[in-house]
Each structure stands twice: as C-alpha cells, then as structure tokens.
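Observations on the three-dimensional arrangement
Each chain is listed here by its residues.
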Amino acid sequence: MEKITSVRGFNDILPQETGIWQYLEQKAREIFMDFGFREIRVPILEKTDLFKRSIGDSTDIVEKEMYSFLDRGDECLTLRPEATASVVRAYIEHALYTAEPIAKLFTIGPMFRRERPQKGRYRQFHQINVEFLGLDDPRIDAEIILMLIRFLQCMELNDLKLEINSLGCHECRPQFREELTVFLRNREKGLCDDCRRRLHTNPLRVFDCKTENCKAIIDHAPRLSGYTCSACKQHFENLKQCLKNFAITYEINDKMVRGLDYYTRTTFEVVTESLGAQNAIAGGGRYDGLVKALGGPDIPGIGFAVGMERLISMMPSDSRYFIFPDLFIAALGDTAQKEAFTLCNRLRMKGVRTEMDYSGKSLKSQMKRADKLKSRYTLILGDKEIAEKRAELRNMLNGTQFSLDLSALEDNIINTIKER
Ligand code: HAM
C-alpha cells in the first residue's frame, strides 16, 4: 500500500525534539508573566475578512499565502497566517478594554502561510506572540523590546541584532507614499512585475522586494524618516532614549517596512547572520489604528512574534531539554517482574519518573537499556534478591551501588533519589 506522507511544508515535531519546544514555551510563559502578561488562546481558523482588513489586501500574505477555503456553507475561512489579528478580534469581541484599560496578552501556537518551503521557512510554523493594548507611550515600545531581548538572552543566542524603524502614522505616511510613488513611477521600467503592480496598490511593499533590480532602485528611494511628523519623530526619539537607558544596542534600518499593513510608528526585528536568507527570528511593531479598523474603539497597541522553528534551529543542543527517567527497574524472573510492575506504577503515582523492562531479558541487556534511557538510578530486582528481601540500587552516574530493604522499598527509593 502506498504511504501517505505529511503535507509539504508541514512538519512533525518528534519526541526527541519536543523537550526544547517545551523549554522554550515554559521560559516564554515565565518571563512574560514576570512582565505582567497573561495567556490568551484564540482559534486557528478565522473569517477571511479579518486578515484582509488587518494585514492588508495588497500584502504578500493576503494576496498569495493564505490557506483560505469556503466552508461547507458559503463562509470564507482562513487558517491564521499570524496571531495579532485574532488577538485583537478577541479583544474587541469580548470588550476586554471595559474591564482593564490595559491588556497584556501572549499566545503560542501554529500559523499557516503558503510560502515556498526552504530552511527556516515552512507552511505551518509556530510563533510566540505578544500584544500590549491600551497605551501609545514609547516607554511601552521599549519595555516590549526589553522583554523580547530578555527572552532571547535566556536562549543563550549570540550573534543577534536588533533593528528598529519608525513607519510614521496615518497623518504623515500618506505624503511619503505620494513621494515614493512619484519616485518609483519614474523608474517603473526597472521594477519587477510584482513591484510594478505594488506601485499602484501599495508602494511601500517595494521595500520588501528581494530582486536585485528593485533593491538597487529602493537604495536611492526617499525614506520615511524624512517625512515623519513631529509627534512621530518625538515618539521615536523617546524610544531610542529608553533603549539606551536599558543598554539595549540597536541599529536603525530605515528600509524595514515589515510585511503587514497595520503597523504605525515603531517597527522592529531581531535578525541573525547565521540563518541565511530567513534571517528574522522575531518581528513586531506598533499598530495604533488596528483596533479601530477592526470595529473597536480607538485603542493603540504594540506587539511582536518570535518564530519558534528559527529560534530552535539556532539553539545549541543541551541535555537540559531532555527528560530522563529517575529510575529504571531491571526485573529478573517471574516474581520480580510482578513486583517490578506494581512498584514501577506506584512510584510513578508518587511522582518518580520510572521505567521498567517488561521483557525479562538478561540483566546485561536490561542495564544497556537503562543506560540508553539515561536513567539516573537502576533498581536491580531478581527473584534471588526478593528471596533475600532486598534489592540493589545503582547510581548510574557514579556507579555506586547499595542494598535496600524490601520492606519500605518505595520510601527507601524515594528518599535516596531525592537525597542524591
Ligand atoms: P512576522 O514578521 O510576519 O510578524 O512573523 C514573525 C516571525 O515569525 C518572523 O520573524 C519569523 O521568525 C517567523 N516566521 C514568519 N513566517 C515564517 C515561515 N513561513 N516559516 C517559519 N517562520 C516564520 C507577525 O507575524 C506579526 N503578527 C508580529 C506582531 C505581533 N506584530 C505585532 N504583534
């Protein structure tokens, strides 16, 4: 029979890999909660209009990359390509702003974009996503970036670079857009087909183009920083000052426009040299008009998302991500097997990570298995030992071995394992 394989760009995360995923998620939860964030869980399926209206009709994500389909009725639904839109939708739908003027939310889970798969780019990928709603104070931008940096530092990554930019606001950006359109129109022939189209729909997106010709043209294009209004300039200056106060180093990348249309003012990315083309580990920014655009009150927001696959691919492999048994029971003989089975499960019920051999193979092969599982201790339980009312406990790290009395064996094991 022909095998059915997974869908292209959709990956399994195998048991030997899940330890690092759990570590990452746990650290994120810990650190975000230190900063006062709480978890929100939102569906992975939303109405397509949500993403069209938030990410923007003329972005690559909405134009080419969404998994959208007609539900059995006639509703158009989409597997979420990102989480910000869903979080903001939930924030409005449940009027979270009525209970608290500020909402600090995070969510972790899979996102779906139908991009061309390559290293660091998948069709199902995972994000750790953070949103802060309720304040447009630049100190919040700095605080959010500080939290991201703290999280990445815990992952012991070097070679990271923080890039920031300001995209202006709905007051000052239209003028820049006009100037940029004029500049690009004069060079239209040199642009790729996509950018020629973008010129009429969303000229800022030309900054994202990866083709050499377009990149060369963009190098000489006007920059947003020349057009931002005084309020946006002040906001950016204050952010930079706050980052300096936190001793966070950054570079200004005035070509960074980010691939989603909802951004205003601050945008930022954490990039690395070591991942090749897919070099962004995390990205985010401010979206002061988004809540209103999605039918809520005029409430500002800022957030970021970390790409988990990219982050993990940079993390050194480390035994702390793996979970090893506390105890392996090597049971030799019928009576010993019966005893071992009961003991094994009683210990598990008391929180001792215990494995056993169910096959009754030779002691040598059972010890081999204990080694392979990297168990901290092995209990050797044979019919002979049972007759002598004792069992042997071996410390697998230093090879020391001692006898334990069979009466109160459970407590003896628990005490020994806890002590050492
Ligand atoms: P984004 O820049 O589209 O932002 O994605 C954030 C991160 O997700 C990227 O930096 C990258 O690490 C990862 N990522 C994106 N696409 C893929 C892919 N195809 N395969 C693997 N990893 C990928 C957002 O999604 C915004 N919602 C972030 C945000 C939150 N802005 C404000 N709040």
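Notes on the structure follow. Bear in mind the structure is a predicted one, so any value in this text is a computation, not a measurement.

Analysis parameters
Residues numbered from 1 in each chain as written. Predicted model: local features only at pLDDT ≥ 70, side-chain atom pairs only at ≥ 80, totals over all residues. Heavy atoms only, no water. Axes fitted to C-alpha atoms, helices over the stretch in contact; angles between N-to-C directions. Helix = DSSP H or I, 4+ residues; strand = E, 2+ residues; numbered from the N terminus. Parallel < 35°, antiparallel > 145°, perpendicular 65-115°, else oblique. Left-handed = near helix turned anticlockwise from the far one by under 90°. Contact = heavy atoms within 4.5 Å. Nonpolar A, V, L, I, M, F, W, Y, C, P; charged D, E, K, R; others polar. Buried < 20%, exposed > 50% of the residue type's maximum accessible area, 1.4 Å probe, protein only. Polar contact = N/O pair within 3.5 Å; in protein donor to acceptor, adjacent residues only side chain to side chain. Patch = residues over 30% accessible without salt bridge, like charges linked within 9 Å, V, L, I, M, F, W, Y side chains within 5 Å. Areas by Shrake-Rupley, 256 points an atom, 1.4 Å probe, with all protein chains shown as cover. Salt bridge = Lys/Arg side-chain N within 4 Å of Asp/Glu carboxyl O. Pairing = 2+ DSSP bridges. Near = heavy atom within 4 Å. Phe/Tyr/Trp six-rings, centres within 6.5 Å; stacked < 30°, edge-to-face > 60°.

In contact at an axis separation of 8 Å, helix α6 (residues 138-154) and helix α10 (residues 230-245) are set at 40° when each is read in the N-to-C sense. Judged on the interaxial angle alone, α10 and α6 are oblique. With respect to the hand of their crossing, α6 and α10 are arranged in right-handed fashion. Where α6 abuts α10, its residues P138, R139, D141, A142 and I145 lie against H235, N238, L239, C242 and L243. The class makeup of the residues in the contact of α6 with α10 is six nonpolar, two polar and two charged.

Turning our attention to the side chain of H126. Here H126 shows up in strand β6 (residues 124-133). A relative accessible area of 12% places H126 in the buried class. A polar contact of 2.8 Å, which involves the side chain of H126, links it to the side chain of E309. H126 has contacts with I13, W21, G109, P110, V306, G307, M308 and E309, leaving out every residue within four places of it along the chain.

The grouping of I44, L45 and F69 at the surface amounts to a nonpolar patch, some 220 Å² of accessible area in total. Turning to its location among the elements, F69 is positioned in strand β3 (residues 67-70).

Spatial ordering of the open sheet is given by β13-β12-β14-β15-β16, a layout of five strands whose pairing is mixed. A strand with exactly one partner marks an edge of an open sheet, and here the two such strands are β13 (354-356) and β16 (401-405). For this sheet the average axis-to-axis angle between neighbouring strands, irrespective of direction, equals 25°. Strand direction decides the pairing type here: strand β15 (residues 390-395) and β16, joined by five bridges, are antiparallel. Paired with R390 across the strands is D405, a residue of β16. Across the sheet, helix α13 (residues 334-349) is in contact with β12 (327-332), β13 and β14 (377-382); its angle to β13 comes to roughly 160°. Against the sheet, helix α14 (residues 363-372) touches β12, β14 and β15, its axis set at about 170° to β12.

Now for the site of the ligand. Around the ligand, the structure places 28 residues, and the nearest of them are E82, E115, R258, Y263 and A280. Contact distances for the ligand include 2.9 Å between a nitrogen atom and a side-chain N or O atom of E131. One of the backbone nitrogen or oxygen atoms of A280 is found 2.8 Å away from an oxygen atom of the ligand. Mapped onto the shell around the ligand, the elements with two or more residues apiece are β6, β10 (280-286) and β11 (301-307). When residues of the shell around the ligand are assigned to their parent elements, the largest contribution, six residues, is made by β10.

What follows covers the packing of aromatic side chains. In total, this model carries 15 aromatic pairs according to the counting rule given. Seen in terms of ring centroids, F10 and Y67 are 5.8 Å apart; in terms of plane orientation they differ by 80°. Their pairing is edge-to-face. One end of the pair, F10, is in the segment before α1 (15-34); the other, Y67, is in strand β3, and 57 residues separate them in sequence. No difference in accessibility class separates F10 from Y67, as the two residues are buried. Relative to F151, the ring of F32 has its centre 5.8 Å away and its plane inclined at 50°; by these criteria the two rings are tilted. Placement of F32 in helix α1 and of F151 in helix α6 is noted, with a sequence separation of 119 residues between them. Overall, the relative accessible area of 0% leaves F32 in the buried class.

What follows is about the pattern of salt bridges. Inspection of every chain in the model, using the stated rule, returns 32 salt bridges. Taking the shortest distance from any N to any O, the salt bridge between E269 and R258 comes out at 2.8 Å. Separated by eleven residues along the polypeptide, E269 in strand β9 (residues 264-272) and R258 in the loop between β8 (251-252) and β9 bring together distant segments of the chain. Residue E269 is classed as buried on the basis of its relative accessible area, which comes to 16%. Its relative accessible area of 12% is what places R258 among the buried residues. For R376, the salt bridge goes to D326, with nearest N and O atoms at 3.1 Å. Here R376, found in the loop between α14 and β14, pairs with D326, found in the loop between α12 (308-314) and β12; they are 50 residues apart in sequence, far enough to count as distant.

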